[in-house]
Structure formats: C-alpha cells, structure tokens
Amino acid sequence: MPTFSTGQLALGEWWPGDGQDDDDDRNSARTLPRPSSPRQSQLSEPPEHPNRVDRRKLTSMSSSSSSALGGALPSQFGMDPLVQVLLLDSEVLLQSFPRLIGYNIVHGTARMLPALVIYGGTLGLLMCAVCRYRWGVLLSLTLYTVYMFIQSAALLVFSLAGIIKVWNASNTRWYTEYCRFREGAERPCEARPLSLEWKDSSDLDWHDVLHIVMLPSYKTPVQVLEETLQALEKFDLATTCMGVVLAFEQHEEGIVEKARLLKAKFEGRFRFVLVSFHPPNLPNHMPGKSSNECFAFQTLCSELERNHGIHRHDPRVVITVMDDDSEFHENYFEALTYHFVTTPSTRRYITTWQPPICHFKNYLRQPLLVRVSSLFATLSELAALSNPMDCHVNYSSYSLSLALASAVGGWDPDYLAEDWHMYAKCSLMTAGRVRCEPIFLPLLNYTPEEDTYLGTCHSRWEQAKRHALGVSELVYVIQGLYLGLLETRGSLRRLIYFWRICPILGKFAQVHFMNGMSAVLNVLAQFVIHFYMWRSWCYVSEMSQDRTCGLLMQSATQEGIAQEQIVLNSWMVHWQLRLSVSMAFCTLISGGFGAIYFHLVRDRVEGDLAAHPFYRYVILHWINVEVSVTAVGWLSSVIYGAAPLWIAVSRIICEAKFTHVVAGMVGRSLKFEE
C-alpha cells in the first residue's frame, strides 16, 4: 500500500488503485490517511460541483436547518473513508486559460450533440435522398435495422431469462443462503451494536447491516405513503436494522401535520424515523427529487453521528432511495443484506444494487396507450438487468453504501435525472470502478394516473418529457470525463479512465438516441423502399428468372443507374424486409412474455383481477397484449418515446435547468411548485 505525506495528494498525482494493475485496482479497498495539515485537510474536502450549493453557506441560512447539514465532520475524509475518489473540482482543474477554453468547447459541443444526432441525422438522410444518393440512405437504414433487430432479439431472450431469475429469486430463502455462505468462514460472526468505534469492513454479520430508506415525497396522498411504509415493515429486522428518512418539501401545504401523523404511526416499527423539510429557494437547488435528497442526506449524516454514534463512512450502513409510490418485494431487504454481506469488502463499497422496476401497480386502470408503454418499459428494464453484456445503471429506486454516497459528496441539487446522475457521478469520481448489480425481486410502482382517461394519457406524456430530459446526463458525463482526464496523470491511466467510462456513454446514447428513434427510422426505411426507390431494386429471388427484374435493370441503366447498384440495392432491401419482419415478431413475442411477468406479481397489483377476465388468465392476457401491441404499439412508441426525445434534445441547447414535473396521481396536482 502506498503511503502519503503532506502535499503528496496534490491534484492528479494519485489514481484509484495506484501502484497496482487493473485487476488489483478493482479488488482493492484502501483508505486515505487522516489529514495532518491544513493542506491535506483542504484536499480532503468533499468534491465540489460548480453548481452545487456550499454546505457551509447553507448551514447559516436558517437556524432550523443548521443542525441538519452536518458541520460535525470538519472533513469528508476525517474518518478514514473506504472509497477513494477523484475530486473533479473545476475551479482547480480549469485555472489555466487553455483548459478553460477546452472545457467550454467540450461543454458546448456536448449540449449540441444530441440535437445534431437526432435532427442532423434525419435531415442528412433526407438530403442524401434528394441528391439521389439513395443507396447510401438505404445502407444507413439497413444498418440501423440490423441494430434494432439485435436489440429486439436481446429483449426477447433476456426478458424471458429475467422472468426465470425473478421466479427463482422470489423463491429463495436468503437467510438460509447466508448461513450456507457462513459455513465456510473461519469463525462465526456475532452481531455487534452499531457504534462509532467499530469499523471493520472486512467482516460483517447479517445483523450488523443497518438499512436506511430515503423516501423523498411531494404532495403524495397519506394513504399511498402509508402503503409504502407498510411494505417496508415486512422486513423481518425492520425494528432493529432499518431506519426511514421521510424527505418532504417545506412549502407543501399541510406538510407538518402529515409528517407528524406518519411519524407517530410508524416510529415504533423501525429503528428510527427521521423527517426532513427541504426549504424552498435554496441557491442552486432545482426543485425536484435530487435536491430533496441532497438536503435529506446531509440531515441524515448529522442525525446519525449526533444521536446514533454512526459516522458517514461507517461500513455497515446501506442507503436505499425509493420513490414514494413504490412497493419493494417483501424479501428485497433480506436479499440486499445477503448481497451486501457476501460481496467481498474490496467490491462492496463501489457497488450499487438495483431491483427491476415494474410499472404494474395500477395496471388494471391504465389506458391502452399507457398500458402498452408501461409493459415495454418494464420488460426493457428487466431484460437489461438480466443481460450480462449490458451496462447496468440505477433507475428510480436503488441501493448503495453510505460510504460511497459520502465519498462522492451525496446527491447533487441541480440535476433532474437523480438516479442516472448519481450513478454517473459515482462512476466518474471512482474512475469507472462502480458497478450496478441486479437483485431480481421486482419493485412495483404506479404509472401516472389522473381522474380521466385523457388526463392519465397527458400525465404520462408529461412524465415522458421529463424522462427524455435525462439526455442531459450525456452532457454531464462528457464534461465530467474531460475533468477526469485532466485530473488523471499519465497516458495509460487516462486511456483506462476513458475506457471505463465509455460503457456509460454507450448506455445513455443507446437509450435516448437509438431506441428513441426506432419509431421514426423504421417507418422511414419502409417509405424509402416502397416509394422512393421502388424502381431501383427487385426481389432477389426474381433477379435471374423474372422478366420484370430484367426490364427494371434495362430501364435503370438508361437512367444512369448501374446494374451492379440494382443488385446491391436488391440485397439490402432483401435483408431490410426480413429483419423488419423478424424484429416485429420478436417484439410481439416479448410483449406476450409481459403477460407471464404480470402473473408473477399479480398479488401486488391494485384492483379486482377477477373482474378482468382478459388479465386473469395468462393465455387470454397474452392474446390481449398481442392485439394491443399490434393496434397501438407504434403510436405509443411515438407519443411516449420519439416525440419527447425530439423536444428534449432541442431544449438542452438553450437551457440546462428545468422545472420538475411530478408524475400525476389521483389526489396530487401535476406541477412542482417552485
């Protein structure tokens, strides 16, 4: 292990895993020394984002929040953190003029890049078509169809694999599995009380782990919050090993009374129930889930140290962030405990855990357009988690260690996509070492819902537009990558850093660019084949024997189109048509798998299933899904996929911050009041 002296932690002179090869870097957990000088203490401060509110300034804003923002720890690294991180401090890294110019160029290009890809790519195809560069257009669309066929085949295979994994995980006795794991240990572990003194990260017992659930909420009906908390109660060790943080917005009408009722009802059912009230109009706090979590996290850290003797780098604490209308599987926290304890300590604190998100809570009440969208969003998430080649990222509700959250400085208050952003931030600051691991126990949540059919469709549209704004995370990753390359010394280390971040860029681009354009480009391909190029190709099976194809080649030659080009076009059309049919087949069969998935979780779905015969029986549900996808599948993908994306990529050029729109729910207004 390398040693550090005063001044040796100068920016860019260390690397997560310094002194070891790549494999050792992934499997080494080491700590930084406790600061012994003002210089080291300064370098150990939490990494600051240029737009993040300064916690010391925030502490002095109001007496009600000063104790909640944690001035107890003078330095983030004052308690020997388990995770090394890059600082990515733009104020330090961009002091030279060339670096600053480079950063502005990268930032501006990154903001324009999504629009250039979406609008520029489509306009480029149209210009090529007008300029009679038709075979190039056909080639581009054929390559895209090949990609979409691969994606559809992956959805088919891995959604089925995911369903099998969900069934298996639901029937697993996690504590029994843990006992089997402990049989190979050199000595049995005994549960120890949580305290500031004990901090051995290498040897954890089942009862050592403390789960803390952060529940950000805004205008959610009390009944829904009660159902969410009652689902958390099903954890066998909830009274001793689970704490709950109810993170409310201070400006919500009647919030103090709501918080009092919930705390009085559930306080004795968990180890503790902490309530935080996020003040409005804090500097750089964009209204939404992320800023609420930022404030709640600082409140939590202060509360843990002051009243529970737990510092913010305690190796036994796991934080789970969840939406307030979600319901975890009754065995999720047992499974999370198992995965947390059995993961080697060298990987435990750079790992996040993700359940498959299932939008089926109000499935029986969803309009047809919304239901098809929910079905494929659910299947896509499940397939991605079960695909070992996919770059898993956190989505909606997830878990990570307190040590990792503290090392990266908590949640940022000025970003919209809180889940993706937190994972991207952790990955950038740990030099790409963070990994997201699936736990195949589905979390059920509500799809946006209003009192009327059209109201529900509109609410889902507003949510889709907000989700599409997650494309702005590409800008964050690209500019963070630039800062990380500046902070990293050595060409080889920079190359490794770039290589580790590339999967995240690919994942974000795939979700927003490629998949979001499928509804447009697939239709454009059929238009090009059957209308624009109808005299430039013929069926491959008829090329050598059909008289029509011969006449076509003769007429094409007279118009200046080479016969070799006719052959090439014909083969591209041949594969384009077959891949399109295969892609549609995979999509339809995958949708049918959604009926099986629904029946695995049907006991947790709201409504009387007996009153809906088309959903009560798997075969009838399968047929219903196939008919629904055939009827409105394309329209649903345009309304809730392509259109919001086209709007989002144009918005991020002009603005970086957006008004948060809360998902619609009966009893809750739609807009987030600033």
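This structure is a prediction, so every number in the text was calculated from the model and none was measured. Once a new chain begins, its residue numbering starts again from 1 and follows that chain's sequence as written. The predicted origin of the model limits local features to residues at a pLDDT of at least 70 and limits the giving and counting of side-chain atom pairs to 80 or more, whereas totals for whole chains, interfaces and linings rest on all residues. Computation of side-chain values covers all heavy atoms of the structure but excludes hydrogens and water.

## A word on the overall build of the chain
Alright, step 1. Strands are runs of DSSP state E lasting at least 2 residues, helices are runs of H or I lasting at least 4, and numbering of each runs from the N terminus. Within the chain, the secondary structure is distributed over 25 helices and nine strands.
Alright, step 2. Three labels apply to residues, based on accessible area from a 1.4 Å probe with only protein chains included: buried if under 20% of the type maximum, exposed if over 50%, partly exposed otherwise in between. Here the chain holds 674 residues, and 58% of them are scored as buried.
Alright, step 3. Contacts between residues were defined by any pair of non-hydrogen atoms, one from each residue, lying within 4.5 Å. Taking the intrachain contacts of the chain between residues at least 6 apart in sequence as the baseline, contacts between residues at least 24 apart amount to 81%.
Alright, step 4. All accessibility values rest on the Shrake-Rupley procedure with a 1.4 Å probe; residue burial counts only the protein chains present in the view. On the chain, roughly 28,200 Å² of surface is accessible, and the fraction owed to carbon and sulfur atoms is 59%.

## A closer look at unusual backbone geometry
Alright, step 1. One non-glycine residue with positive phi stands out, namely Lys219, at about 55°.
Alright, step 2. Turning to its location among the elements, Lys219 is positioned in the loop between strand S1 (210-217) and helix H9 (222-233).
Alright, step 3. Although it is not a glycine, Ser396 sits at a positive phi angle of roughly 70°.
Alright, step 4. Mapping Ser396 onto the fold places it in the loop between helix H15 (368-386) and strand S7 (398-401).
Alright, step 5. Since its relative accessible area comes to 5%, Ser396 is described here as buried.

## Quick look at the sheet that holds strand S4 (residues 317-321)
Alright, step 1. By this definition, two strands are paired if DSSP reports at least two bridges between them. One open sheet holds the seven strands; their spatial order is S3-S2-S1-S4-S7-S5-S8, and the pairing between them is mixed. Looking at strand neighbours, the two that pair on one side only are strand S3 (272-278) and strand S8 (435-438), the edges of this open sheet. Taken over all neighbouring pairs, the strand axes of this sheet differ in orientation by 25° on average, direction set aside. Angles run from 0 to 180 degrees between N-to-C directions of axes, and those axes are lines fitted to C-alpha atoms, restricted for helices to the stretch in contact.

## What about the pattern of salt bridges?
Alright, step 1. In the sections that follow, a salt bridge refers to a side-chain nitrogen of Lys or Arg positioned within 4 Å of a carboxyl oxygen of Asp or Glu. In total, this model carries 16 salt bridges according to the counting rule given.
Alright, step 2. The shortest N-O distance in the salt bridge between Glu233 and Arg269 comes to 2.9 Å. You can see Glu233 sitting in helix H9 and its partner Arg269 sitting in the loop between helix H11 (255-266) and S3, a full 36 residues away along the chain.
Alright, step 3. Residue Glu233 is classed as partly exposed on the basis of its relative accessible area of 28%.
Alright, step 4. Among the salt bridges present, the one from Glu303 reaches Arg306, with a minimum N-O distance of 3.4 Å. Here Glu303 pairs with Arg306, and both are found in helix H12 (residues 289-308), just three residues apart, close to one helical turn.

## So, a nonpolar patch on the surface
Alright, step 1. Together, Phe614, Tyr617, Ile619, Leu620, Ile623 and Val627 give the surface a local cluster of nonpolar side chains, amounting to about 600 Å² of exposed area.
Alright, step 2. A total of four residues in the nonpolar patch trace back to one element, the largest contributor, which is helix H25 (residues 618-654).
Alright, step 3. Here Val627 shows up in helix H25. Like-charged residues within 9 Å of one another, or nonpolar side chains (Val, Leu, Ile, Met, Phe, Trp, Tyr) within 5 Å, are grouped into patches, provided each residue has over 30% relative accessible area and no salt bridge.

## What to know about the packing of aromatic side chains
Alright, step 1. Ring pairs shown here join Phe, Tyr and Trp side chains whose ring centres sit within 6.5 Å, with only the six-membered ring taken for Trp; geometry is labelled stacked below 30 degrees between planes, edge-to-face above 60, and tilted in between. All chains considered together, the criterion is met by 23 aromatic pairs.
Alright, step 2. Ring plane angle 65° and centroid distance 5.8 Å describe the contact between Phe360 and Phe598, whose orientation is recorded as edge-to-face. One end of the pair, Phe360, is in the loop between strand S6 (357-358) and H15; the other, Phe598, is in helix H23 (residues 563-600), with 238 residues separating them in the sequence.
Alright, step 3. Classification of Phe360 as buried rests on a relative accessible area of 1%.
Alright, step 4. Owing to a relative accessible area of 0%, Phe598 belongs among the buried residues under this scheme.
Alright, step 5. A centroid spacing of 4.4 Å and a plane angle of 5° characterise the contact between Trp420 and Phe508, whose relative ring orientation is stacked. Here Trp420, found in helix H17 (residues 418-429), pairs with Phe508, found in helix H20 (residues 491-514); they are 88 residues apart in sequence, far enough to count as distant.
Alright, step 6. Judged by relative accessible area, Trp420 falls into the buried class, the value being 11%.
Alright, step 7. Here Phe508 falls in the buried class, since its relative accessible area comes to 0%.
Alright, step 8. Put simply, the rings of Phe360, Tyr363, Tyr597, Phe598 and Tyr615 pair up and form one aromatic cluster.
Alright, step 9. Note on criteria: charge over ring means Lys NZ or Arg CZ within 6 Å of the ring centre, with the direction from the centre no more than 35 degrees off the ring normal. Above the face of the Phe340 ring, Arg348 is positioned so that its terminal group lies 5.4 Å from the ring centre.

## What about the environment of Glu249?
Alright, step 1. Turning to its location among the elements, Glu249 is positioned in strand S2 (residues 242-249).
Alright, step 2. Relative accessible area serves as the criterion here: at 3%, Glu249 is assigned to the buried category.
Alright, step 3. Taking the C-alpha atoms as reference points, Glu249 and Gly288, separated by 39 residues in sequence, lie 9.2 Å from one another.
Alright, step 4. Side chain to side chain, Glu249 and His278 meet in a polar contact 3.1 Å long. N or O atoms closer than or at 3.5 Å make up a polar contact, with two conditions inside protein: a donor-capable atom paired with an acceptor-capable one, and, for residues adjacent in sequence, both atoms drawn from side chains.

## Overview of the confidence of the model for the chain
Alright, step 1. Per-residue confidence for the chain gives a mean pLDDT of 81, with 77% of residues at or over 70.
Alright, step 2. Confidence scores labelled pLDDT are given residue by residue by the predictor and lie between 0 and 100. Segment residues 670-674: pLDDT under 50, and 24 contacts once partners within four positions in sequence are set aside and those in other chains are kept.

## Notes on the side chain of Glu381
Alright, step 1. Within the secondary structure, Glu381 sits in helix H15.
Alright, step 2. Of the side chains bearing the opposite charge, Lys507 lies closest to the buried Glu381, which forms no salt bridge; the N-O distance is 6.2 Å.
Alright, step 3. Among residues more than four places away in sequence, those in contact with Glu381 are Gln354, Pro355, Pro356, Ile357 and Tyr395. We count Lys and Arg on the positive side and Asp and Glu on the negative side, and we leave His and both chain ends out.

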